[in-house]
Amino acid sequence: MMYDGSKILLGLVIFLIAVTFPFWFSWVNEKSGFVPEPKLPEGEESCVESAEYMKALHMDLLNQWRNAVVRDGRRVYVSSSGNRYEISLTGTCLGCHSNKAEFCDQCHDYVGANPFCWDCHVDTSVSRGEGK
Amino acid sequence: MNVLVSFIIVIFLVLLAIVGVQLGGLYILFGAVLPYVAIALFLGGLTYRVVSWARAPVPFRIPTTCGQQKSLPWIKSSRLDNPHDGVGVLGRMALEVLLFRSLFRNSRTELKEGSNKVVFGPDKWLWMGALLFHYSFLVIFVRHMRFFSEHVPSLTLLLQGLDGFFQVGVPVVYMTSFMFLVAVTYLFARRIISPMVRYISLPADYFPLFLLLGIGTTGVLLRHIFKTDVVGVKELGMGLLSFSPVASPDLHYLFYVHLFLVTVLIAYFPFSKLVHMAGVFLSPTRNLANNNRERRHVNPWDYPVKVHTYQEYEEEFRDKMIKVGIPVEKE
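Residues numbered from 1 in each chain as written. Chains lettered and ligands numbered in written order. Predicted model: local features only at pLDDT ≥ 70, side-chain atom pairs only at ≥ 80, totals over all residues. Heavy atoms only, no water.

### Topic: the packing of aromatic side chains
Phase 1: The final tally for this structure, using the stated rule, is 22 aromatic pairs over all chains.
Phase 2: Ring centres 5.4 Å apart and planes at 70 degrees place the aromatic pair Phe42 of chain B and Phe269 of chain B in the edge-to-face group. Of this pair, Phe42 of chain B sits in helix H2 (residues 27-54) while Phe269 of chain B sits in the loop between helix H11 (253-268) and helix H12 (276-279), and the two are 227 residues apart along the sequence. Considered together, Phe42 of chain B and Phe269 of chain B belong to a single accessibility category, that of buried residues.
Phase 3: A ring pair is formed by Phe104 of chain B and Trp127 of chain B, whose centres lie 4.7 Å apart and whose planes are at 70 degrees; its orientation type is edge-to-face. One end of the pair, Phe104 of chain B, is in helix H4 (residues 101-104); the other, Trp127 of chain B, is in helix H5 (residues 125-143), with 23 residues separating them in the sequence.
Phase 4: On the basis of relative accessibility, which here comes to 36%, the residue Phe104 of chain B falls in the partly exposed class.
Phase 5: Taken together, the aromatic side chains of Phe7, Phe188, Tyr206 and Phe210 of chain B make up a single cluster linked through ring pairs.
Phase 6: In this structure, Lys234 of chain B packs its charged tip against the face of Tyr110 of chain A, placed 4.6 Å from the ring centre. (Phe/Tyr/Trp six-rings, centres within 6.5 Å; stacked < 30°, edge-to-face > 60°. Helix = DSSP H or I, 4+ residues; strand = E, 2+ residues; numbered from the N terminus. Buried < 20%, exposed > 50% of the residue type's maximum accessible area, 1.4 Å probe, protein only. Lys NZ or Arg CZ within 6 Å of the ring centre and 35° of its normal.)

What follows is the structure in structure tokens.
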């Protein structure tokens, strides 16, 4: 026997539907099995640092690069393996990873990361007419 | 002592996750089995609690009243503090649930140093701390949906944008992360500093605070210091949700500590004071309209009680009462 049962059960059902949102949302979107596939540049052996380092800490590196160029005027980066690279998002990064939509956006969209690189930098694949 | 017990339990939980993952390699246990158990306990436990509350009869209207009751049309009644109908109750509940009005009314009683005067004053600190804690927790919860839904909901993206408005650091610092830690620290310090509050604080009060502090700290560390592979985290989350869990040994062990503490929180939720999330809606002292004088409320378990009225009593003992000189109604 429940008192005010209909009201309480209605509230309970609404809560249960809301709280199980993650369980049904992606399923409704038919995207439960979605895995991002960043397209790696062909013909390139390695990035400026190791793949593990880049995967976890590329944002740190880019932040250091920005500070080095904008605040200190340094334009050369010496990597841990001793190679020298020009510090440039458009020149160096996008030189290999030429398509933002197929590389950067894959993971960034997946985890809802919205970096502010592109507030200033131009997406060269768009200016070349290749990107979206 | 109560503080220490709760602290040791939380430290033990942290170590348990580290040992389990680092030495035991129990990725599936900590990454899938325990979260599933916790979610089942949470949903089942909460439903059980709510249904058991619903089964408790509330035959009469017992709201706590803080204003003039509705009576004659020319007496102004306080509709929110002493609601007489559903609309008033809805307003009262909304203020309680969304703005913690009863905490806002909190007052403090002090004996002034030097003089023997008792002083009453407002005390808004708990209200502010609670508001800060609950709302930052809500924002953090909604923000975390980026790990549990594909595509990421627009509300999550909107809140992320607002929360990281100042764009400090990469990844950007979210204001609510630190507001949350400050609020939980305040709620803890409040129990320690005031001797009165400390006296009535139990392990069940400290434990959730330490747990939340642990969750917040590991969360901030994972975002800003140890920087886990968030794509791997989302793959784990999505694997859980689509009932095809994956073992992710590459993730930082602190992530598993974070996940395990959240698992414990979820499982602990329905069986502790935290269930006030549901209970606040079912408080009869707040969700009932004060219409006791307008409407007749019949006790649902009214039983035909055998009564012995005075008339019957006098009928039975009249001679004896007259004999000893006790006045009777009917000679």
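From this point, the discussion proceeds with the structure in view.
### Structural notes on the pattern of salt bridges
Oppositely charged side chains can pair when the atoms bearing their charge come close.
Residue and element names in this part refer to chain B.
Phase 1: Enumeration according to the criterion identifies 18 salt bridges over all chains in this entry.
Phase 2: Its salt-bridge partner being Arg105, residue Asp81 comes within 3.2 Å of it at the nearest N-O pair. Placement of the pair is Asp81 in the loop between H2 and helix H3 (86-99) and Arg105 in the loop between H4 and strand E1 (107-111), with a sequence separation of 24 residues.
Phase 3: A salt bridge links Arg143 to Asp163, with the nearest nitrogen and oxygen atoms 2.7 Å apart. (Salt bridge = Lys/Arg side-chain N within 4 Å of Asp/Glu carboxyl O.)

### Brief notes about the interface of chain A and chain B
Phase 1: In this complex, chain A contributes 34 residues to the contact, which on the side of chain B involves 40 residues.
Phase 2: Regarding the contact of chain A and chain B, the summed buried area is about 3,200 Å², with carbon and sulfur atoms giving 71% of it.
Phase 3: Considering only the surface of chain A that becomes buried against chain B, Tyr3, Phe23 and Tyr110 of chain A emerge as the three largest contributors, covering 20% of it.
Phase 4: Inspection of the region where chain A meets chain B yields two salt bridges.
Phase 5: A salt bridge links Asp60 of chain A to Lys227 of chain B, with the nearest nitrogen and oxygen atoms 2.4 Å apart.
Phase 6: Applying the counting rule to chain A against chain B returns seven residue pairs in polar contact (both at pLDDT 80 or more).
Phase 7: Those elements that place two or more of their residues in the side of chain A that touches chain B are helix H1 (5-19), helix H2 (21-28), helix H3 (51-72) and helix H5 (104-110) of chain A. (Contact = heavy atoms within 4.5 Å. Buried area = accessible area lost by both parts, 1.4 Å probe. Polar contact = N/O pair within 3.5 Å; in protein donor to acceptor, adjacent residues only side chain to side chain.)

### Some thoughts on the nonpolar core
Phase 1: Ranked by size, the top nonpolar core spans 50 residues in total, and within it Leu13, Phe133, Phe180, Leu211, Leu236, Phe255 and Tyr256 of chain B carry the most contacts.
Phase 2: For this core, the elements supplying multiple residues, two or more each, are H1 of chain A together with helix H1 (2-22), H2, H5, helix H7 (175-193), helix H9 (203-224), helix H10 (230-241) and H11 of chain B.
Phase 3: Counting eight residues, the second largest nonpolar core, distinct from the first, contains Met54, Trp65, Val69 and Ile87 of chain A. (Core = buried A, V, L, I, M, F, W, Y, C linked by side-chain atoms within 4.5 Å.)

### Points about the pairing of strand E2 (residues 118-122) of chain B
The side chains of a regular strand alternate, first on one face of the sheet and then on the other.
Phase 1: Pairing geometry for E1 of chain B and E2 of chain B, over five bridges, is antiparallel. Among the inter-strand pairings, Glu110 of chain B is bridged to a residue of E2 of chain B, identified as Val119 of chain B. (Pairing = 2+ DSSP bridges.)

### Description of H2 of chain A
Phase 1: When H2 of chain A is considered as a whole, its buried residues turn out to be Phe21, Pro22, Phe25 and Ser26 of chain A. One side of H2 of chain A holds all its buried residues, which, seen down the axis, span an arc of 105 degrees. Every exposed residue of H2 of chain A that faces more than 90 degrees away from the buried side is listed here: Trp27 and Val28 of chain A.
Phase 2: The elements touched by buried residues of H2 of chain A are H1 of chain A together with H10 of chain B.
Phase 3: The first or second residue beyond H2 of chain A is Glu30 of chain A, which carries a positive phi of 55 degrees. (Arc of directions from axis to C-beta.)

### Remarks on the environment of Phe120 of chain B
Phase 1: Within the secondary structure layout, Phe120 of chain B lies in strand E2.
Phase 2: Measuring from C-alpha to C-alpha, the distance between Phe120 of chain B and Ser107 of chain B comes to 6.9 Å, with 13 residues separating the pair along the chain.

### So, the side chain of His297 of chain B
Residues and elements named next belong to chain B.
Phase 1: Residue placement: His297 occurs in the loop between helix H13 (284-287) and helix H14 (310-323).
Phase 2: Residue classification places His297 among the buried positions, given a relative accessible area of 16%.
Phase 3: Within the local environment of His297, its side chain forms a polar contact with the side chain of Asn291, the two groups lying 2.9 Å apart.
Phase 4: Setting aside its immediate chain neighbours within four residues, His297 contacts Pro59, Phe60, Arg61, Asn291 and Asn292.

### Brief notes about a nonpolar patch on the surface
Phase 1: Taken together, Leu26, Ile28, Leu29, Val33, Val37, Leu41 and Phe271 of chain B make up a surface patch of nonpolar side chains, about 540 Å² in accessible area.
Phase 2: Within the secondary structure, Val37 of chain B sits in helix H2. (Patch = residues over 30% accessible without salt bridge, like charges linked within 9 Å, V, L, I, M, F, W, Y side chains within 5 Å. Areas by Shrake-Rupley, 256 points an atom, 1.4 Å probe, with all protein chains shown as cover.)

### A few points about the packing of H5 of chain B against H7 of chain B
Residue and element names in this part refer to chain B.
Phase 1: The interhelical angle for the contact between H5 and H7, taken along N-to-C directions, is 140 degrees, at an axis separation of 8 Å. Our classification of the angle between H5 and H7 gives oblique. In the packing of H5 onto H7, the handedness of the crossing is left-handed. Here Trp125, Leu126, Gly129, Ala130, Leu132, Phe133, Ser136, Phe137, Val139, Ile140 and Arg143 of H5 lie close against H7, whose contacting residues are Thr176, Ser177, Met179, Phe180, Ala183, Val184, Tyr186, Leu187 and Arg190.
Phase 2: Its residues assigned to classes, the contact of H5 with H7 shows 14 nonpolar, four polar and two charged. (Axes fitted to C-alpha atoms, helices over the stretch in contact; angles between N-to-C directions. Parallel < 35°, antiparallel > 145°, perpendicular 65-115°, else oblique. Left-handed = near helix turned anticlockwise from the far one by under 90°. Nonpolar A, V, L, I, M, F, W, Y, C, P; charged D, E, K, R; others polar.)

### Some details on unusual backbone geometry
All names here are of chain B.
Phase 1: For the bond running from Glu150 to His151, omega is 0 degrees, close enough to zero to count as cis.
Phase 2: Tracing the backbone shows His151 in the loop between H5 and helix H6 (154-163).
Phase 3: The residue after Val170, namely Pro171, is reached through a cis peptide bond having omega -10 degrees.
Phase 4: Here Pro171 is to be found in the loop between H6 and H7.
Phase 5: Despite not being glycine, Phe100 has its phi angle at roughly 55 degrees, a positive value.
Phase 6: For Phe100, a relative accessible area of 12% translates into the label buried.

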